[in-house]
Every structure is written in C-alpha cells, then in structure tokens.
Amino acid sequence: MGNRLSKISTKTGDRGETGLGDGSRVSKSCLRIATLGDIDELNSWVGVLRASLTGQDELQPLLSQVQHDLFDLGGEMAMPGYTLLNEVMLSELEQHLVHWNESLPPLKDFILPGGSVAAAHCHMARSVARRAERTYVALLQQEAVHETGLRYLNRLSDLLFVLARVLARRDGGTEVLWQSRHKQ
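As the structure is a prediction and not an experimental result, all values here were calculated from the model. (Residues numbered from 1 in each chain as written. Predicted model: local features only at pLDDT ≥ 70, side-chain atom pairs only at ≥ 80, totals over all residues. Heavy atoms only, no water.)

Visitor: Quick question: what am I supposed to make of the side chain of arginine 165 here?
Guide: Here arginine 165 is to be found in helix α5 (residues 147-169). A distance of 3.1 Å separates the side chain of arginine 165 from the backbone oxygen of proline 105, its partner in a polar contact. In contact with arginine 165, not counting residues within four places along its chain, are Leu104, Pro105, Leu107, Ile111 and Glu175. (Helix = DSSP H or I, 4+ residues; strand = E, 2+ residues; numbered from the N terminus. Polar contact = N/O pair within 3.5 Å; in protein donor to acceptor, adjacent residues only side chain to side chain. Contact = heavy atoms within 4.5 Å.)

Okay, here's the thing in structure tokens:
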C-alpha cells in the first residue's frame, strides 16, 4: 500500500473523472462516487465523535470498529463486485444497539441534536449516516451492489441515535427535547 500512496497529487482527476479499484474510470458525479463520498464523510464524523471522547471512553472500541467497517464499505464502493461487509458485522452492530438501548427510557418526545458536544457530534454522524443510506438506496436502483451495506448503514444510523441519547444523558446531562411553538 505504501507505494500506492507515494504520490498524492496525480492530476488524473482534473477532468472530473476518478479511478475505481477495478481500473475503470467514472465521473466524479456518478452515484457510486457520491455514495463513497457520503460514507467517507460519515467515517470522518465518527472520527470527530471519537476525538470528543476520552481515549479510555467505553465507546472507543465500538466506534473504532465502526470506522474500520465504514472503510470496508467504502472499499466495496471503490471496487465493484467486491464484498467486504458480512452478516457477522451486521449482527455485532445489532447487539450493540440492543445493549445501549436497554438503559434508556422510552421516547415520549422528539429529541433535538445537542445535549453535549459528544452527543451533538454523534447526531451529526447519525444525520450523515441517514444521507449515506439514501444515496446507497439510489445506487441500488441503478447498479448491482450488496444490500448488506444498506442494512449496515440503517442499523448504524439507529445505533448513532441511541448513542447520542446515551451521551446526552451522561454525568447527569439531559437530552434536548423539541418544544414546538405551535402546540395545541
């Protein structure tokens, strides 16, 4: 891999195209690249979330694994026909979702992003995960891509919502509840 990254400015994308792992060239505006970009942005937001937590935070191992999984999912986008995510990864995500949701009270109101810096970062990651999911659905309608990635993004957006709730409530904190001016 070191030799592949020895030259960062290749100028091969100056005409609006980029290369995929199979050697083909596609427009930077194509849906596969848009999906890859959304997954990359999501991974970056998970990195921002991790940076807002202490290194010893109990969520660090989970979020680190999520970042690696997202990199694998990006790899699937960059290498048509490859499958890197699997049912075990999806099952592990679902187990974390159940575990972290157990301690939370039922929702009675809508929650606004915020509550703490970490919770706000988690909400940003969640909203980007939902966008990545929508882009993935659009790609599925145009090309044959593995549905495991779509299911992973769906579960991840749910998990990030739950983790945002956990983070907002930490150390006596509270969630920010929506209060409409138009309540009847």
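Visitor: Whenever I open this one, the pattern of salt bridges confuses me. Can you help?
Guide: Oppositely charged side chains may form a pair once their charged atoms are brought near each other. Scanning all chains against the criterion turns up 9 salt bridges. Across the pair glutamate 143 and arginine 32 runs a salt bridge whose closest N-O atoms are separated by 2.7 Å. Of the two residues, glutamate 143 sits in the loop between α4 (117-142) and α5 while arginine 32 sits in helix α1 (residues 31-51), which places them 111 residues apart along the sequence. Between arginine 151 and glutamate 87 there is a salt bridge, with its nearest N and O atoms 2.9 Å apart. With arginine 151 in helix α5 and glutamate 87 in helix α3 (residues 87-102), this pair connects stretches of sequence that are 64 residues apart. (Salt bridge = Lys/Arg side-chain N within 4 Å of Asp/Glu carboxyl O.)

Visitor: Help me out: how do you make sense of the side chain of glutamate 175 in this one?
Guide: When you line up the elements, glutamate 175 lands in the loop between α5 and β4 (176-177). Overall, the relative accessible area of 12% leaves glutamate 175 in the buried class. A distance of 2.5 Å separates a polar atom in the side chain of glutamate 175 from a polar atom in the side chain of arginine 165. Apart from the residues within four sequence positions on either side, glutamate 175 is in contact with Ile111, Arg165, Ala168 and Arg169. (Buried < 20%, exposed > 50% of the residue type's maximum accessible area, 1.4 Å probe, protein only.)

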